[in-house]
Every structure is written in structure tokens, then in C-alpha cells.
Amino acid sequence: MIIKGEATVVKHTGSHYMLSRLPQWELFPAVLRGKIRLKGSSATNPVAVGDIVDFEAEVQDESPSSVTLENPAAITAVHKRRNYIIRKSTNLSRQSHIIAANLDRAFLVVTLDFPQVKLPFLDRLLVTCEVYGVPATIVLNKCDLYGPEHEEMLSAFHEIYEGAGYPVLEVSAHTGQGVDVLREMVSGRMLPDGSVNEEFDAGKSVVSLFSGVSGVGKSSLIKALDPALEPRVGEISDAHEQGRHTTTFYEMYSLATGGFIVDTPGLRGFGLVDLEKEEIGLYFPEMLKVSENCRFAPCTHTHEPGCAVKDAVEAGEISYERYSSYLGMLDEEGKYR
Ligand code: GDP
Ligand code: ZN
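Residues numbered from 1 in each chain as written. Chains lettered and ligands numbered in written order. Predicted model: local features only at pLDDT ≥ 70, side-chain atom pairs only at ≥ 80, totals over all residues. Heavy atoms only, no water.

Caption draft 1: Representation of the coordination of the zinc ion (ligand 2) in the model. Only Cys-294 (SG), Cys-299 (SG), His-301 (ND1) and Cys-307 (SG) from the protein coordinate the zinc ion (ligand 2), and they sit 2.1 to 2.4 Å from it. Coordination at the zinc ion (ligand 2) is tetrahedral: its 4 donor atoms span angles of 103 to 117° at the metal. Summarised as a motif, the one-chain spacing of the donors to the zinc ion (ligand 2) is C-x4-C-x1-H-x5-C. Judged by its relative accessible area of 2%, Cys-307 is buried. (Donors = N, O, S within 2.8 Å, 3.2 Å for Na, K, Ca; no water. Tetrahedral: all angles 85-135°; square planar, octahedral: opposite > 155°, others 65-115°. Buried < 20%, exposed > 50% of the residue type's maximum accessible area, 1.4 Å probe, protein only.)

Structure below.
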């Protein structure tokens, strides 16, 4: 018999996709039927992890679990994405690669030290999350390593990011500190601010992006969240490209305690959206809040007289670090197009 249904893409191997009807975790292979092209998209991959698709499959019973690689399901349509994050296919190309779609949350993993967090880089990720409408939580890993010499840096970090409106969660994949809280957030039972999610619905899947530079402990954290998981390390080379390019296939993981994670190994940064100079400030929430009091609109918050953002920086209400990341992005605007 033929069944039709809706499922989420949880993996792309290059030759086929793996689908699951979330929040069920029952994977089955699928291929694209015909040419699925998204209008106006320059993406090299028409279907990405997190995409919700329509499928058809020939099955023995009602369930697609009997679908085999020899007779895979067919993806017949891709649903409109709520959001998605992209990276450029190569440094020079204007084409983009969709890393993941339909994300509910983003966990940006950083470490104060080992390796030292680069605030402008973190701020760029945060801007990207704002542009895509994905609520971001900063996960400060390796807390077991922070001693008295980090105390000042640690409180400054909290002040900068909590002041900007982002939750900062201290964790250690090694000691387990904060991991229970992170697990509750990933499952959706807890909101990023640590409060109970009153609207939690076990029938709905919560998909979270994990991102951060390599070495911060993303894989270790995922394993700490669910020891049954085996996060893949590093990048996979595409044999057809003879090592000239590397193609990374992202993958979704299902946690035993609830929730789904898309890990981004080897990803140095994502997003890098087309923003006009005047737009960048809209994605620094603490600047947006005061910018209605700027004398000019739009205001770039640089040279304009009567700029409420500059006043707030001077008064210490907006952190100088965030403001200087903003200036850096203004300067580099254009580089990422
Ligand atoms: P990834 O590249 O972000 O996936 O990072 P890994 O999970 O591979 O971790 C990089 C290194 O940091 C490894 O040597 C881990 O053992 C170490 N590491 C990860 N988490 C912690 C932690 O919470 N505390 C300490 N001390 N080391 C950690
Ligand atoms: Zn201004």
C-alpha cells in the first residue's frame, strides 16, 4: 500500500535523506521526486535538515518503518520554512547552503577561556539569530576550569550579555554542572530564562541548534545531555570534489529526555545575512530599545547628533563591547554579501 504523510528531514547523507515524523523518532530513507526547486532561493541544497516535507511511501503496513533504501520514500514537497540559517557554499561563491530550517532555539556554546571567546564573533551569531527570529541562549561551557583569575571576566561576561537580554547558562560537560538545566531547556519544558514553560506540549517537537567554534565542547555537551548519542566530529569530505571542497552534512539528534538538536560541527559561523547599514542596529535588541529616542531615523548610531544609543553607551547602559561589535559589523558590512 501507498501512504502519504508529513515528516521532518533529520539527516542528509548526500545520496538520500532520512525522515522522521517528529516527535516520533523512527527514521526512514527518502529521495527527492523530480526537481524540487524553491522559488527565489540560491541555495545549493533544496532540502535541509529540519525541513518539513510531504512524502509518499510504499509500505507493508501503516508505518513507514518498513521503508528500505532499495525502495525509499519520495519527497514530494517542501513546506515553507519558518526560519533557516545558511552559510555560503565557498568563500567566493554567492551561493548559499542551508544548514538547518525551522529552529525553535539556538544554543551558542562558548568558553571564557580554552579557547577564549571572541565577543565580536559571538555578537555576529546573536545578530543572525535575531534576524532569523530564533531565540538564543548563551551556554558558557568548561566552568570547572574557571578560577579566581577568571572571576572578573566572568562577571563582565554576564553583565554584557544578560544586559543585552540574553540568558547566560554556566555549564560543565565534565562535572555536569548546569547540564540538567540545559537538558530541560532543550526538551522545551523550561524556557531559556529558566522559568517553566507553561505552554509545553509533549506532542510538539522542539528543535535546537547547537553552534560554537570547535573546541568549546559541543560534542562533549551533547554526550553529557544524552550519553547514548554519538555526535560526529569534524567535517566529512565530499569524495567527488577530490578534496577541493569539503561538504558538511548536518544531522539532527533525538534526546532520550526530549527535544532535538542540530549540531554544527566544523561550522565557524553561520548566517551572515544581507543587511543594510541602517538595519544592523535593529538586531541588537538593547540598541533597538533606545533607538526610538534618536533624533534621526534611520540613525547609524555613529556620527549623528542626538543619538540615544551613543548616549546609552556613554552612560554605561549599553555595553561598550556590544557597541564596538556593532561598529565592527557596520565597517565590514558588504563583506558577507
Ligand atoms: P567541540 O569541538 O566543540 O565538539 O568540542 P569537544 O567536545 O570535542 O571538546 C573539546 C575539548 O574540550 C576536549 O578535550 C574535551 O574533553 C574538552 N571539554 C569539553 N567540555 C569540557 C568541560 O566542561 N570542562 C573541561 N575541563 N573540558 C571540557
Ligand atoms: Zn542613534
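Caption draft 2: Broad picture of the site of ligand 1. Surveying the vicinity of ligand 1 reveals 15 residues, the closest of which are Asp-144, Gly-215, Lys-218, Ser-219 and Ser-220. A distance of 2.8 Å separates an oxygen atom of ligand 1 from a polar atom in the backbone of Ala-173. Interatomic distance of 3.2 Å between a side-chain N/O atom of His-174 and an oxygen atom of ligand 1. Coverage of ligand 1 by the protein chains reaches 71% of its 580 Å² of free accessible surface. (Near = heavy atom within 4 Å. Polar contact = N/O pair within 3.5 Å; in protein donor to acceptor, adjacent residues only side chain to side chain. Areas by Shrake-Rupley, 256 points an atom, 1.4 Å probe, with all protein chains shown as cover.)

Caption draft 3: Quick look at the environment of Ser-291. For Ser-291, the location among the structural elements is in helix H6 (residues 285–291). From its side chain, Ser-291 meets the backbone oxygen of Leu-288 in a polar contact 2.9 Å long. (Helix = DSSP H or I, 4+ residues; strand = E, 2+ residues; numbered from the N terminus.)

Caption draft 4: Looking closely at the confidence of the model for the protein chain. For the protein chain, the mean per-residue pLDDT works out to 88, and 86% of the residues sit at or above 70. Note on residues 234–245: pLDDT under 50 across the span, and 12 contacts to partners over four residues away in sequence or across chains. (pLDDT = per-residue confidence, 0-100. Contact = heavy atoms within 4.5 Å.)

Caption draft 5: Focus on the packing of aromatic side chains. On inspection of all chains with the given rule, the structure shows 7 aromatic pairs. When the centroid spacing of 6.0 Å and the interplanar angle of 40° are considered together, the rings of Tyr-84 and Tyr-132 count as tilted. Placement of the pair is Tyr-84 in strand E6 (residues 84–88) and Tyr-132 in helix H1 (residues 119–132), with a sequence separation of 48 residues. Ring plane angle 45° and centroid distance 4.9 Å describe the contact between Phe-157 and Tyr-161, whose orientation is recorded as tilted. Here Phe-157 pairs with Tyr-161, and both are found in helix H2 (residues 151–164), just 4 residues apart, close to one helical turn. The same class applies to Phe-157 and to Tyr-161, which are both buried. (Phe/Tyr/Trp six-rings, centres within 6.5 Å; stacked < 30°, edge-to-face > 60°.)

Caption draft 6: Geometry of the nonpolar core. Of all hydrophobic cores here, the largest spans 42 residues; its most connected members are Leu-122, Ile-138, Phe-157, Tyr-161 and Val-262. No other element matches the 6 residues that H1 contributes to this core. When residues of this core are sorted by domain, at least three fall in each of domain 1 (2–78) and domain 2 (84–263). Contact partners of Leu-122, with chain neighbours within four places excluded, come to Leu-108, Val-110, Val-117, Ile-138, Phe-157 and Tyr-161. Among the nonpolar cores identified, the runner-up in size contains 20 residues, and Met-190, Val-216, Leu-225 and Leu-255 belong to it. (Core = buried A, V, L, I, M, F, W, Y, C linked by side-chain atoms within 4.5 Å. Domains from an automatic or database assignment.)

Caption draft 7: Expanded view of the packing of helix H3 (residues 179–187) against helix H4 (residues 218–225). Where H3 meets H4, the axes come as close as 10 Å, and the angle between the chain directions of the two elements is 80°. On the basis of their axis angle, the class for H3 and H4 is roughly perpendicular. In this structure, H3 contributes Val-179, Leu-182, Arg-183 and Val-186 to the contact, and H4 contributes Leu-221, Ala-224 and Leu-225. In terms of residue class, the contact of H3 with H4 is built from 6 nonpolar, no polar and 1 charged. (Axes fitted to C-alpha atoms, helices over the stretch in contact; angles between N-to-C directions. Parallel < 35°, antiparallel > 145°, perpendicular 65-115°, else oblique. Nonpolar A, V, L, I, M, F, W, Y, C, P; charged D, E, K, R; others polar.)

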